[in-house]
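Residue strings, one per chain:
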Amino acid sequence: MYPCSCSIQQWDSDEPIPRSELLAGVAGKHGLLCLLSDRIDKEVLDAAGSNLKVISTLSVGVDHLALEEIKKRGIRVGYTPDILTDATAELSVALLLATCRRLPEAVEEVKNGGWTTWKPLWMCGYGLSGSTVGIIGLGRIGQAVARRLKPFGVKKFLYTGSHPKPESAVEFQADFVPLAKLAEESDFVVVTCSLTPDTKGMCNKDFFSQMKKTSVFINTSRGAVVNQEDLYQALVSGQIVAAGLDVTTPEPLPTDNPFLSLKNCVILPHIGSATYATRSAMSVLSANNLLAGLKGESMPSEFQL
Ligand code: NDP
Ligand code: DGY
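Quick caveat, the model's predicted, so the values are computed rather than measured.

Participant: How would you explain the site of ligand 2 if you had to name every residue and give the values?
Facilitator: In the vicinity of ligand 2, the contacting residues are Leu36, Ser59, Val60, Gly61, Leu84, Arg222, His270, Ser273 and Met282. Within the side chain of His270, a nitrogen or oxygen atom sits 2.6 Å from an oxygen atom of ligand 2. One of the side-chain N or O atoms of Ser273 is found 2.6 Å from an oxygen atom in ligand 2. Across the complex, the protein chains shield 89% of the 230 Å² of accessible surface that ligand 2 would expose by itself. Here the shell around ligand 2 is built from residues that sort into four nonpolar, four polar and one charged.

Participant: Provide a residue-level description of the domain arrangement of the protein, including the pertinent values.
Facilitator: Often, the extent of an interface is quoted as the loss of accessible area on bringing the components together. Each domain of the protein was delimited in the assignment, giving domain 1 (19-81 + 275-303) and domain 2 (85-267). Each of domain 1 and domain 2 has a C-alpha centre, and these two points are 31 Å apart. Opposite the eight residues of domain 1 that make contact, domain 2 presents four residues. Contact with domain 2 buries area across many residues of domain 1, yet Leu36, Asp63 and Pro81 alone supply 57% of it, more than any other trio. The tally of links between domain 1 and domain 2 comes to one salt bridge. Counting every contact that joins domain 1 to domain 2 gives one residue pair in polar contact (both at pLDDT 80 or more). When grouped by side-chain class, the residues that make up the side of domain 1 that touches domain 2 number four nonpolar, three polar and one charged.

Participant: Quick one: what's the story with the pairing of strand β9 (residues 242-245), residue by residue and with numbers?
Facilitator: Going residue by residue along β9, you find Ala242 and Gly244 tucked away on one face and Ala243 and Leu245 tucked away on the opposite face as well. Looking at chain direction, strand β8 (residues 216-219) and β9 are connected through four bridges and run parallel. Paired with Phe217 across the bridge in β9 is Ala243. Regarding topology, helix α10 (residues 228-236) serves as the crossover connection from β8 to the parallel β9, and that connection is right-handed. As judged from the three bridges shared by β9 and strand β10 (residues 265-267), these two strands associate in the parallel manner. Across the sheet, the residue bridging to Gly244 is Val266, located in β10.

Participant: Could you give an account of the UniProt feature "domain: D-isomer specific 2-hydroxyacid dehydrogenase catalytic" (unreviewed entry) in the protein, naming the residues involved and the relevant values?
Facilitator: Here the UniProt feature "domain: D-isomer specific 2-hydroxyacid dehydrogenase catalytic" (unreviewed entry) sits at residues 12-302. End C-alpha to end C-alpha, residues 12-302 measures 25 Å, and it is 35% helix and 13% strand.

Participant: A description of helix α6 (residues 140-149) should follow, citing residues and the corresponding values.
Facilitator: Burial within α6 is extensive, with seven of its ten residues counted as buried. Contact partners of the buried residues in α6: α4 (85-100), β4 (132-136), β5 (156-160), α7 (166-169) and β7 (188-191).

Participant: Describe the sheet that holds strand β11 (residues 302-303), with residues and values.
Facilitator: Sheet strands pair by backbone hydrogen bonding; their relative direction is either parallel or antiparallel. Taken together, the four strands give an open sheet; going across it, the order is β1-β2-β3-β11, and neighbouring strands pair in mixed fashion. Only two strands of the sheet have a single neighbouring strand rather than two, namely β1 (31-34) and β11. For strand β2 (residues 54-57) and strand β3 (residues 76-78), the ladder comprises three bridges, and the chain directions are parallel. Among the inter-strand pairings, Val54 is bridged to a residue of β3, identified as Arg76. Here helix α11 (residues 276-294) sits on the sheet and contacts β1, β2 and β3; the angle it forms with β2, its principal contact strand, is near 170°.

Participant: Got a sec to walk through unusual backbone geometry? Specific residues and values, please.
Facilitator: In this model, Thr249 is joined to Pro250 through a cis peptide bond whose omega is -5°. Here Pro250 lies in the loop between β9 and β10. A cis geometry characterises the amide bond from Glu251 onward to Pro252, with omega recorded as -5°. The backbone of His270 sits at a positive phi, close to 55°, despite the residue not being glycine. By secondary structure assignment, the location of His270 is in the loop between β10 and α11.

Participant: Summarise the pairing of β8; cite the residues concerned and give the values.
Facilitator: Side chains Val216 and Ile218 of β8 all project onto a buried face; the interleaved residues Phe217 and Asn219 project onto the opposite face, where all are buried too. As paired strands, β7 and β8 are joined by four bridges and run parallel to one another. Looking at β8, one finds that Val189 is bridged to Phe217. Note on the crossover from β7 through helix α9 (residues 205-210) to β8: the handedness is right-handed.

Calculation notes
Residues numbered from 1 in each chain as written. Chains lettered and ligands numbered in written order. Predicted model: local features only at pLDDT ≥ 70, side-chain atom pairs only at ≥ 80, totals over all residues. Heavy atoms only, no water. Near = heavy atom within 4 Å. Polar contact = N/O pair within 3.5 Å; in protein donor to acceptor, adjacent residues only side chain to side chain. Areas by Shrake-Rupley, 256 points an atom, 1.4 Å probe, with all protein chains shown as cover. Nonpolar A, V, L, I, M, F, W, Y, C, P; charged D, E, K, R; others polar. Domains from an automatic or database assignment. Contact = heavy atoms within 4.5 Å. Buried area = accessible area lost by both parts, 1.4 Å probe. Salt bridge = Lys/Arg side-chain N within 4 Å of Asp/Glu carboxyl O. Buried < 20%, exposed > 50% of the residue type's maximum accessible area, 1.4 Å probe, protein only. Helix = DSSP H or I, 4+ residues; strand = E, 2+ residues; numbered from the N terminus. Pairing = 2+ DSSP bridges. Right-handed = clockwise from strand over helix to strand, strands pointing away. UniProt positions renumbered as here; feature names shortened; annotations may be inferred. Axes fitted to C-alpha atoms, helices over the stretch in contact; angles between N-to-C directions.

Okay, structure coming up:
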């Protein structure tokens, strides 16, 4: 049904394709390989027209895709689960440690002369040993984070999700709890869920007000899971001790954003999966998903709509 060879029109830059170029370029195409920074909505699907059979995204997150509309049109979706789990979990742990042990602040003190001598309480933070860690979304990445944190001496793991997952939780003896209990009891909260209508804005004023004043909040999922204004207030008022964010709203965060002046917030530019090997594997998988979709074959990783 589909040809064995295909012609490719490529946006040949690391910078995102301008919207106008995307709308013009997609017209009449059978397949589309996109990034998480490309919003594939009704406008793009209309511009593509009825030829479009497959969308392959270079990401495991699919929140930038208008899934209902895509499903309605019978378009298949390829994505990149599993191969980025280790890199993203590793980065989540790095961000957690950098945040709770105040690494960026400490490095800055060395450079700006704030390091005058060894002082008993100077630059103290909070450690993982004996702690309770709450994971919001015990999926592939959530489990990989828990697996890496366990050897640090974590005493208890809690998790939330749409339903208990005893087969995933057993390795960590993690307890499935309501979100409010997770907020109340965790010393570290790590957000690793997908962004859906249910999780959008889930970490809000109520949530932060339930957290302990000595707790640390980490988000490596999507910025929109957090109500950022509420997080800002929680950090400024001392409602929580610190936050580490690999994802924000918007991305990039403007350089004059008030978050960037907070000493108790570590912000990274969405680099969870950014190792050479992982990005290379993601590229190969997304190309293979696209080709399989074009040929009408089963994809190596198809997102079930
Ligand atoms: P999975 O699908 O394996 O895990 C997603 C988890 O989200 C599931 O465990 C699911 O739990 C949970 N979830 C869904 N709804 C809720 C809810 N209402 N409350 C709590 N949890 C919920 O995906 P991955 O682990 O592979 O990836 C997760 C996300 O991480 C991606 O969607 C992406 O947004 C983000 N990501 C970020 C990266 C970065 O660079 N920072 C890199 C890679 C991914 P349940 O099954 O119970 O619904
Ligand atoms: C994803 O895959 O969803 C990440 O955000 C980038 O790797």
